[in-house]
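So you can see what is in the structure, the chains are spelled out below.
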Amino acid sequence: MSVLRQFLRPLAWTLAITGLYAGIAVLIGMTGDSGTRAATTERIVTDRLTGLAIYGFDPVAYFTEREPRQGSATYELSWSGATWRFMNEGNREAFMQDPAVYEPRFGGYDPVAIGNGLPTAGHPSVWALYRDRLYVFHSEANRQAFTTDPEQALDRAEMRWPAVKAQLVP
């Protein structure tokens, strides 16, 4: 009997520890999943870890520099439930004067995906300016689809945006 106990005791501990780790992994997975959902249910695409809109890129720089430029913590502005960063005071002031001009259209969601009824977050490194508005895309393929026929892409996105937006948390 003692040989059997010597064999079963470490096995029981191994199973208990494995079960504990599996339980922790499930809890982490559940937390990670809800965090991902929360990041894609905001009206403005926001980095769920930092609270920064468009991952801290300066939205005005797309217009003035014609390229994405990282903003600075020195020039921050809280607007529409997100923290926006800017390269300099002038860009922050321009945004404060008319945020609707500078914020990414559709809150930073990919207009091609919205046209398909999906709230897919765009990434600020994949972007386009069209008719003096900033659009960010989930992928290079979506940006290419948009630039091939922007009017059709925007018509589809505009038509589906109210239903998609209604699903998003204000």
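Rules and cut-offs
- Residues numbered from 1 in each chain as written.
- Predicted model: local features only at pLDDT ≥ 70, side-chain atom pairs only at ≥ 80, totals over all residues.
- Heavy atoms only, no water.
- Helix = DSSP H or I, 4+ residues; strand = E, 2+ residues; numbered from the N terminus.
- Buried < 20%, exposed > 50% of the residue type's maximum accessible area, 1.4 Å probe, protein only.
- Contact = heavy atoms within 4.5 Å.
- Areas by Shrake-Rupley, 256 points an atom, 1.4 Å probe, with all protein chains shown as cover.
- Core = buried A, V, L, I, M, F, W, Y, C linked by side-chain atoms within 4.5 Å.
- Phe/Tyr/Trp six-rings, centres within 6.5 Å; stacked < 30°, edge-to-face > 60°.
- Lys NZ or Arg CZ within 6 Å of the ring centre and 35° of its normal.
- Expected span 1.5 Å × (residues − 1).
- Bend = angle between axes of the 7 residues up to and from the residue.

1. Topic: the overall build of the protein
Stage number 1. If you tally the helices and strands in the protein, you get seven helices and four strands.
Stage number 2. When the helices and strands of the protein are listed from N to C terminus, the series reads α-α-β-β-α-α-α-β-β-α-α.
Stage number 3. Counting every position in the protein, which comprises 170 residues, the buried fraction comes to 35%.
Stage number 4. When contacts within the protein are restricted to residue pairs at least 6 apart in sequence, those whose partners lie at least 24 apart make up 55%.
Stage number 5. When the accessible surface of the protein is summed, it comes to about 9900 Å², and 58% of that surface belongs to carbon and sulfur atoms.

2. Description of the nonpolar core
Stage number 1. Ranked by size, the top nonpolar core spans 17 residues in total, and within it F106, Y109, I114, Y135, F137, F146 and W161 carry the most contacts.
Stage number 2. It is helix α7 (residues 150–167) that provides the largest number of residues to this core, a total of five residues.
Stage number 3. Counting residues in each nonpolar core, the second largest holds 16 residues, with I44, L77, F86 and L134 among its members.

3. A closer look at the packing of aromatic side chains
Stage number 1. Per the counting criterion, the structure on display carries twelve aromatic pairs.
Stage number 2. Ring geometry for F86 versus F95: centroids 5.2 Å apart, planes at 50°, classification tilted.
Stage number 3. Exposure remark for F86: the relative accessible area of 0% places this residue in the buried category.
Stage number 4. Using a relative accessible area of 0% as the deciding quantity, one classes F95 as buried.
Stage number 5. Here the aromatic residues F106, Y109, Y130, Y135, F137, F146 and W161 are joined through ring pairs into a cluster of three or more.
Stage number 6. Across from the ring centre of F106, 4.2 Å away, lies the NZ or CZ of R105, which sits over that ring.

4. What about α7?
Stage number 1. Across its 18 residues, α7 extends 24 Å between first and last C-alpha, which sits within 8% of the 26 Å expected from 1.5 Å per residue.
Stage number 2. Approximately 45° is the largest bend angle found in α7, and it occurs at W161, with the proline P162 only one to four residues beyond.
Stage number 3. Regarding α7, the residues found buried are P150, A153, L154, A157, W161 and V164.
Stage number 4. Looking at the buried positions of α7, the neighbouring elements they touch are α5 (111–115), β3 (123–130), β4 (133–137) and α6 (140–148).

5. What to know about the environment of M159
Stage number 1. Turning to its location among the elements, M159 is positioned in helix α7.
Stage number 2. Its relative accessible area of 60% is what places M159 among the exposed residues.
Stage number 3. C-alpha of M159 to C-alpha of G117: the two residues are 42 residues apart in sequence and 9.4 Å apart in space.

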